[in-house]
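Summary of the model geometry
Spelled out, the chains give:
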Amino acid sequence: MQPKREILSVPDMGKWKLSQAYHDLIEFINKLCESVVGTKLTEDIPISHNIENLLNILNKLSEWVDEIPPVQQPQRFGNTAFRTWMHKLRENSNNLVSLLVEDESQCQELSVYLTESFGNETRIDYGTGHEMAFAFFLIGLLKLKVLSSQDFKSIVLRVFYEYLKLARKLQVTYKMEPAGSHGVWSLDDFQFLPFIFGSAQMIGNQQIEPSNFVEETFIERFKDENLFFNCLKFIISIKRGPFAEHSNQLWNISMVQSWNKINSGLIKMYMAEVLEKFPVAQHILFGDLIKITPK
């Protein structure tokens, strides 16, 4: 089944919040968080054959960015070479997904979520809706038993980390705009899930209090070990001025007493500010694997 939009107006938000897809996504996020409590990105962890294939796909997509440099153009943002990269992804997505899924119709369905995971080629922008598409791509692979609960830790520490690096590479190379950014009042211009997973990694950590994470010395120390701090490092590398001014929401979060509370609070914030916002939800695609039908 070709995935299609089902949330066409604000009243449709009700069926989205009751849907199997909504439930699957929240459960997926919670289980991934549980799997990485107290872990580091640098840990030596077992990698299954299909996780290896997933990483190879992301590596191939990254190589294409190197092969398709930005073009000379008058406008500063939205380099049109991104459309060339996206065209190559659309042309090859079925072949890439076939490395993981044999059934042709399932392969076609999942390839749609893969192509939706990296931005909009018309607007040349990227946001949390595209990040969510990648989460649904992974959920589809779980439903087809290509991935299993044994892969949860490597999904976060390896696959999602590589996805994040690729998304940033696209954003920087092609000067992509944030999709629907709330500016200084948003958590981040582009991402949300890495903050959730990174805060889960920090649960139980006695070395650093949440109030310390805005300090550059701590960001430098933990940026290669933790997704939360990795995101902070990227933010301070592209934004200027006091942290409290360019990332006010994160500054406020640093006042929370524990990493456990930060993690649960970020999941609630994700539900309220991403999942339950019509401008994001209207773009979600539903099919046989990602179902709009009620839980």
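Definitions and cut-offs
- Residues numbered from 1 in each chain as written.
- Predicted model: local features only at pLDDT ≥ 70, side-chain atom pairs only at ≥ 80, totals over all residues.
- Heavy atoms only, no water.
- Salt bridge = Lys/Arg side-chain N within 4 Å of Asp/Glu carboxyl O.
- Helix = DSSP H or I, 4+ residues; strand = E, 2+ residues; numbered from the N terminus.
- Buried < 20%, exposed > 50% of the residue type's maximum accessible area, 1.4 Å probe, protein only.
- 1 Å grid on protein atoms, 1.4 Å probe; cavity = no way out; pocket = protein on both sides within 12 Å on 5 of 7 lines; lining within 4 Å.
- Points joined across faces, edges and corners; volume = space filled by probe spheres on them.
- Nonpolar A, V, L, I, M, F, W, Y, C, P; charged D, E, K, R; others polar.
- Phe/Tyr/Trp six-rings, centres within 6.5 Å; stacked < 30°, edge-to-face > 60°.
- Lys NZ or Arg CZ within 6 Å of the ring centre and 35° of its normal.
- Polar contact = N/O pair within 3.5 Å; in protein donor to acceptor, adjacent residues only side chain to side chain.
- Contact = heavy atoms within 4.5 Å.
- Core = buried A, V, L, I, M, F, W, Y, C linked by side-chain atoms within 4.5 Å.

**Points about the pattern of salt bridges**
Considering all chains together, one arrives at 13 salt bridges under this definition. When the shortest N-O distance is used, the salt bridge between Lys165 and Glu162 registers 2.8 Å. Taken together, the residues Lys165 and Glu162, both in helix H7 (residues 152–173) and 3 residues apart, mark about one turn of the helix. Lys165 gets classed as partly exposed once you look at its relative accessible area, which sits at 36%. Residue Glu162 is classed as partly exposed on the basis of its relative accessible area of 32%. One salt bridge in this structure joins Asp224 and Lys223, with 3.4 Å as the shortest N-O distance.

**What to know about empty space enclosed by the protein**
A full pass over the atoms with the stated rule returns 3 cavities of 30 Å³ or more. Put simply, the largest cavity is a space of about 40 Å³. Taken together, Asp188, Asp189, Phe190, Phe234, Ile235, Ile238 and Lys239 make up the full set of residues lining the largest cavity. Partitioned by chemical class, the residues of the lining of the largest cavity number 4 nonpolar, no polar and 3 charged.

**As for the packing of aromatic side chains**
Tallied over the entire structure, the rule returns 21 aromatic pairs. For the ring pair Phe134 and Phe160, a centre distance of 5.9 Å and an interplane angle of 65° mean the geometry is edge-to-face. With Phe134 in helix H6 (residues 128–143) and Phe160 in helix H7, the pair connects residues that are 26 residues apart, well separated along the chain. In this pair, the class of Phe134 matches that of Phe160, namely buried. Clustering of aromatic rings is evident, with ring pairs tying together Phe82, Trp85, Phe118, Phe134, Phe137, Phe160, Tyr163, Tyr174 and Phe197. One residue, Lys165, lies across the ring of Tyr161, its end atom 4.4 Å from the ring centre.

**A few points about the side chain of Gln282**
The residue Gln282 is located in the loop between helix H14 (278–281) and strand S4 (285–286) in this model. A polar atom in the side chain of Gln282 sits 3.4 Å from the backbone oxygen of Pro279. Not counting residues up to four positions away in its chain, the partners in contact with Gln282 are Arg5 and Ile7.

**A word on the nonpolar core**
Residues Trp16, Trp85, Phe137, Leu138 and Phe229 are the most contacted members of the largest nonpolar core, which totals 105 residues. Not counting the four nearest positions on each side in its chain, Phe137 is found in contact with Leu54, Val97, Leu100, Leu110, Tyr113 and Leu114.

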